[in-house]
Amino acid sequence: MSKYVYLNNQYVNYKDAKIHIEDRGFQFSDSVYEVIKVINGKLLDIEFHLSRLKYSTIELNFNFKINKPSLKNIFLSLVKKNQLKNGIIYLQITRGIQPREHAYKKNLKPNIIVYTAKKKFNLPDKNYKGYKAITYPDIRWGRPDIKTTSLLANILAATEASKHGAYETILVKGKKVTEAAHSNVWIVRSKKIITHPANKEILKGVTRTVLKKIINSLNLKLIEREFSIKELMKAEEVFITSSGSLVTPITQVDKIKINKGEIGAITKSLALNLYKAII
Ligand SMILES: Cc1ncc(COP(=O)(O)O)c(C=O)c1O
């Protein structure tokens, strides 16, 4: 648990961090967020996170200008104050406070919350683990490319995974796979790596962006295209990426074992190369 929380220009104790009941983030999920990984005390891929945050706030017309140096300062101060070595920084910006009404007023003052949490990452060492995923309909709203806290569909999907002893939920729209409840999905077929294009149907993951560069540098073949649930089930390898999961192998989808239930060579190599790039 975070000892200190940043709340609108102040560092306060976790238990004293309070938000108004008419905050629009609380009432309507009218808010955006980012999750940034911290490994060995270092903030990772921060520029990508801040660019995506800017995108989210612009798409939703928030009255908020991203001040990158100031946000980085807050993150670094919290890492220090909370003595965080490995974990995540959670940042949430809400549109602000207003008497309850669907339509928002212009020029509300956003509420800014930042705190940290410890996390053990699935690193490609002797404890590297492959996980089970389930499939579930993608019933999210039409703009999952914006990183909002409107996550009810993701929550239902993730809870379904939990009930089945699975780590992730792969979301399916009609016959095609979009992404997962809290990560991007990749498959390997005939040694080619395939992932859904970063359009308005998925969140453009920061880990996805970083991994794309690594795949290119390794001269592996990457295809960004839609793929079907059938292709998923027949894939040689399946893995997911996110700031919290890094490159995590999926060795079972529903009742189907992928790669006989073993972690695939390409997945492991990408995880190792991502980790190398991180440290
Ligand atoms: C729906 C969804 N897709 C993809 C991702 C991966 O994004 P990132 O790599 O930036 O963590 C996340 C992360 O939270 C997510 O919630």
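See the structure shown above.
Residues numbered from 1 in each chain as written. Predicted model: local features only at pLDDT ≥ 70, side-chain atom pairs only at ≥ 80, totals over all residues. Heavy atoms only, no water.

A. A look at the site of the ligand. Arg52, Glu179, Val206, Thr207 and Ser243 are the nearest of the 17 residues found near the ligand. Glu179 places a polar side-chain atom, nitrogen or oxygen, 2.6 Å from a nitrogen atom of the ligand. Ser243 places a main-chain nitrogen or oxygen 2.8 Å from an oxygen atom of the ligand. When the free accessible area of the ligand is taken as 390 Å², the share hidden by the protein chains comes to 93%. Looking at the shell around the ligand, the elements with two or more residues in it are β9 (176-180), α5 (206-217) and β14 (237-242). Here the residues of the shell around the ligand sort into four nonpolar, nine polar and four charged. (Near = heavy atom within 4 Å. Polar contact = N/O pair within 3.5 Å; in protein donor to acceptor, adjacent residues only side chain to side chain. Areas by Shrake-Rupley, 256 points an atom, 1.4 Å probe, with all protein chains shown as cover. Helix = DSSP H or I, 4+ residues; strand = E, 2+ residues; numbered from the N terminus. Nonpolar A, V, L, I, M, F, W, Y, C, P; charged D, E, K, R; others polar.)

B. Representation of the pattern of salt bridges within the structure. All chains considered together, the criterion is met by 19 salt bridges. Two residues, Arg140 and Asp138, come together in a salt bridge whose shortest N-O distance is 2.8 Å. Linking Arg208 and Glu224 is a salt bridge whose minimum nitrogen-to-oxygen distance equals 2.6 Å. Residue Arg208 is located in helix α5, and its partner Glu224 is located in strand β12 (residues 222-224); the two are separated by 16 residues in the primary sequence. Judged by its relative accessible area of 1%, Arg208 is buried. Each of Lys173, Lys176, Glu201 and Glu226 takes part in one network of salt bridges that share partners. (Salt bridge = Lys/Arg side-chain N within 4 Å of Asp/Glu carboxyl O. Buried < 20%, exposed > 50% of the residue type's maximum accessible area, 1.4 Å probe, protein only.)

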